[in-house]
Amino acid sequence: MALMITDQCINCDVCEPECPNDAISMGDEYYVIDPKRCTECVGHFPEPQCVQVCPVECIPLNPEVVETREQLQRKYHALMAEKREEESRARAAGPLTPEA
């Protein structure tokens with residue numbers, strides 16, 4: 001399962017930088033987790049890092065996104081392949097130069 005952030009979130013900003021998949025972002029009123037990017041930290045850490053740092057314990061499993069550990073592992077591999085491709089394209093494009 002992917003995780004979700006409930007309306008109990010106090011916008012303390014500690015979860016967003018902990019997410020290795022960039023799945024957490026500011027929503028309209030509080031932080032949200034993109035279930036397409038959330039792997040519950042499978043592939044990175046033994047436990048979800050956002051859950052570990054949340055001071056108000058407002059990050060439960062998302063019952064609408066049921067995934068097995070194997071599915072989370074496959075998602076992790078797909079995200080890492082996507083990241084490698086983006087980095088490769090950026091290197092191929094060369095350094096950014098300021099416009100005159």
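As a starting point, this report considers the structure included with it. Computed from a predicted model, the values in this text were never measured in an experiment. (Residues numbered from 1 in each chain as written. Predicted model: local features only at pLDDT ≥ 70, side-chain atom pairs only at ≥ 80, totals over all residues. Heavy atoms only, no water.)

Observations concerning the overall build of the chain
Line of reasoning, step 1. The number of helices and strands found in the chain is two helices and two strands.
Line of reasoning, step 2. Taking the principal axes of its C-alpha atoms as reference, the chain extends roughly 50 × 35 × 20 Å.
Line of reasoning, step 3. Evaluated residue by residue, the chain yields a buried proportion of 31% over its 100 residues.
Line of reasoning, step 4. For the chain, the share of sequence-separated contacts (at least 6 apart) that also reach a separation of at least 24 residues comes to 67%.
Line of reasoning, step 5. Carbon together with sulfur atoms contributes 51% to the accessible area of the chain, which is approximately 6900 Å² in total.
Line of reasoning, step 6. Both charge centroids of the chain, one from 9 positive and one from 19 negative side chains, sit 11 Å from each other. (Helix = DSSP H or I, 4+ residues; strand = E, 2+ residues; numbered from the N terminus. Buried < 20%, exposed > 50% of the residue type's maximum accessible area, 1.4 Å probe, protein only. Contact = heavy atoms within 4.5 Å. Areas by Shrake-Rupley, 256 points an atom, 1.4 Å probe, with all protein chains shown as cover. Lys, Arg positive; Asp, Glu negative; His and termini not counted. Charge placed at Lys NZ, Arg CZ, Asp CG, Glu CD.)

Observations concerning unusual backbone geometry
Line of reasoning, step 1. Here Asn11, not a glycine, exhibits a phi torsion of approximately 55°, which is positive.
Line of reasoning, step 2. Position of Asn11 among the secondary structure elements: in the segment before β1 (24-26).
Line of reasoning, step 3. One non-glycine residue, Glu40, lies in positive phi territory at about 55°.
Line of reasoning, step 4. By the secondary structure assignment, Glu40 is in the loop between β2 (31-33) and α1 (49-53).
Line of reasoning, step 5. Assessed through its relative accessible area of 17%, Glu40 is described here as buried.

Describing the pattern of salt bridges
Line of reasoning, step 1. Summed over the entire model, instances satisfying the criterion amount to three salt bridges.
Line of reasoning, step 2. The partner of Glu82 in a salt bridge is Arg37, with the nearest N and O atoms 3.2 Å apart. Pair noted here: Glu82 is in helix α2 (residues 69-93) and Arg37 is in the loop between β2 and α1, with a separation of 45 residues, a long-range link.
Line of reasoning, step 3. In this structure Glu82 comes out as partly exposed when scored by relative accessible area, which is 36%.
Line of reasoning, step 4. The class for Arg37 is partly exposed, based on a relative accessible area of 23%.
Line of reasoning, step 5. The salt bridge involving Arg89 is made with Glu85; its shortest N-O contact spans 3.4 Å. Of the two residues, Arg89 and Glu85 both sit in helix α2, four residues apart, roughly one turn of that helix.
Line of reasoning, step 6. Under the relative-accessibility criterion, Glu85 is labelled partly exposed at 42%. (Salt bridge = Lys/Arg side-chain N within 4 Å of Asp/Glu carboxyl O.)

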